[in-house]
Amino acid sequence: MAEPRLRVGVLFGGESPEHEVSLRSAKNVIEAIDRERCDIVLIGIDRRGRWHLADESRFLRHASDPRRIRLPDAPVRLALTPGRRPRIVPVASHDPRGPGEGEGAGEGRLEPAELPELDVIFPVLHGPFGEDGTVQGLLRLAHFPFVGPGVLGSAVCMDKDVAKRLLRDAGVPVAPFITVLSRREAPSWDEAVAALDAPIFVKPANMGSSVGVSKVETDPDYRRALDEAFSFDTKVLLERTIRGREIELSVLGNEAPEASVPGEIAPTHAFYSYEAKYLDQGGADLLIPADLDAETTARAREIAVRAFRVLCCEGMARVDLFLATEACGPLPAGSLVVNEINTLPGFTRISMYPKLWEASGVSYPELIDRLLRLAIERAERDARLASAIDLQGGGEAGAG
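Treat the numbers as computed from the prediction; the structure is a model and nothing was measured.

Here's the deal with the confidence of the model for the protein
- When pLDDT is averaged along the protein, the result is 84; 80% of the residues meet or exceed 70.
- Residue range residues 95-113 is modelled with pLDDT below 50. Its contacts to residues more than four positions away, or to other chains, number 23 contacts.
- Scored below 50 in pLDDT, residues 395-400 makes 0 contacts in the model with residues more than four places away or belonging to other chains.

Here it is in structure tokens:
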């Protein structure tokens, strides 16, 4: 008996500085979804946070240009209605023809279209208001199954300070760092160098895709880097440079996660910056699989899965490591150090998450299918737990 078709809502765009990266990722996810098994509904979020029903035939403008890619104006805006049977419904539809043309001239409105109920949502969102637990909380409240970690895993992984402290307390190696809560409380350059050595990375705590990240070696550059980082966040990390190789692994699963083969990022820039990742086609060499011996590969995969579990992830995440080629404080050469975990990694054609799974024997369409299934399995598990709690509560009330 054939499985019923899934109705998949793809959620993309968003208010964060990583808006354009989300659009590019969404394009590839949409192309990879199996249309023989799934119907899709495209939901774009513009930079003002408004949700739109998107037309697949023209849901992006300048789709091939990473500097100019954007969402077009969409005629139908949407609202989410929570509950045990959640729905996403149209709330305002503006006729792009304007008043004076066609039926309803002078009103400038179209009749709302009925949207199908959705079985699962794939949030292809990056950065704040996308992968920091906010959208995940909204979808959880509305009882929508969704791809990727839940509220807690998303929130702690987005905050580099919180994530590093949790990993450190669990015995997972991280680079030495200092957390700065305001510009005026930042240590002087000499104080930072005394604690961390130079060069130092300066990072917004809650940002991805290397947005706002600087590598600094002088006092003037340090001051400019602090100003840049604080323009994106109210909390900034100063981090010691790990001299070594950048190793990445993709993790997939819920209760029994597994790690892909490791890959290596070899940047041609000073570091793997936003420009190197998304704007410069020659910004980095992606070496898949990484040239590692069997023992180091096994350690990397074990650390990736351990970090995934420590930070309460489910569904998927990309775990970024450093392989130290020289000693760094108490860390000897050869140490594997967790840099960060990305809970909604890029899905562009050059992104490591899908490429690592392809190298591990999981094709792009199969990966998307597994992520959708994992989302539904988790929602069913949570529903069973909620039902059991309701029954227990009912029993206690009846006993009284």
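A short note on the nonpolar core
- Core analysis: the biggest nonpolar cluster contains 36 residues, and Val-8, Phe-122, Phe-347, Ile-368 and Leu-371 have the highest contact counts within it.
- Those elements giving two or more residues to this core turn out to be β1 (6-13), α1 (19-32), β2 (38-45), β6 (120-124), α9 (352-359) and α10 (364-399).
- When residues of this core are assigned to their parent elements, the largest contribution, 8 residues, is made by α10.
- If we ignore the near neighbours within four places in the chain, the residues touching Phe-347 are Ser-25, Asn-28, Val-29, Phe-122, Met-316, Tyr-353, Pro-354, Tyr-364, Leu-367, Ile-368 and Leu-371.
- Counting residues in hydrophobic clusters, the runner-up holds 30 residues, among them Ala-163, Val-305, Phe-308 and Leu-323.

Some words on the side chain of Asn-342
- Here Asn-342 lies in strand β16 (residues 336-342).
- Here the side chain of Asn-342 touches Leu-344 through a polar contact of 3.2 Å, landing on its backbone nitrogen.
- Among all residues touching Asn-342, those that are not within four sequence positions of it are Glu-131, Ala-317 and Arg-318.

A word on the packing of aromatic side chains
- Counted according to the given criterion, the structure contains 4 aromatic pairs.
- For the ring pair Phe-122 and Phe-347, a centre distance of 5.8 Å and an interplane angle of 90 degrees mean the geometry is edge-to-face. In this pair, Phe-122 is assigned in strand β6 and Phe-347 in the loop between β16 and α9, connecting sequence segments 225 residues apart. Both residues of the pair, Phe-122 and Phe-347, belong to the buried class.
- With a centroid separation of 5.7 Å and 55 degrees between ring planes, the pair formed by Phe-347 and Tyr-353 is classed as tilted. Across the pair, exposure class does not vary: Phe-347 and Tyr-353 are buried alike.
- Here a set of aromatic residues connected by ring pairs shows up, and it is made of Phe-122, Phe-347, Tyr-353 and Tyr-364.

Scoring rules and cut-offs
Residues numbered from 1 in each chain as written. Predicted model: local features only at pLDDT ≥ 70, side-chain atom pairs only at ≥ 80, totals over all residues. Heavy atoms only, no water. pLDDT = per-residue confidence, 0-100. Contact = heavy atoms within 4.5 Å. Core = buried A, V, L, I, M, F, W, Y, C linked by side-chain atoms within 4.5 Å. Buried < 20%, exposed > 50% of the residue type's maximum accessible area, 1.4 Å probe, protein only. Helix = DSSP H or I, 4+ residues; strand = E, 2+ residues; numbered from the N terminus. Polar contact = N/O pair within 3.5 Å; in protein donor to acceptor, adjacent residues only side chain to side chain. Phe/Tyr/Trp six-rings, centres within 6.5 Å; stacked < 30°, edge-to-face > 60°.

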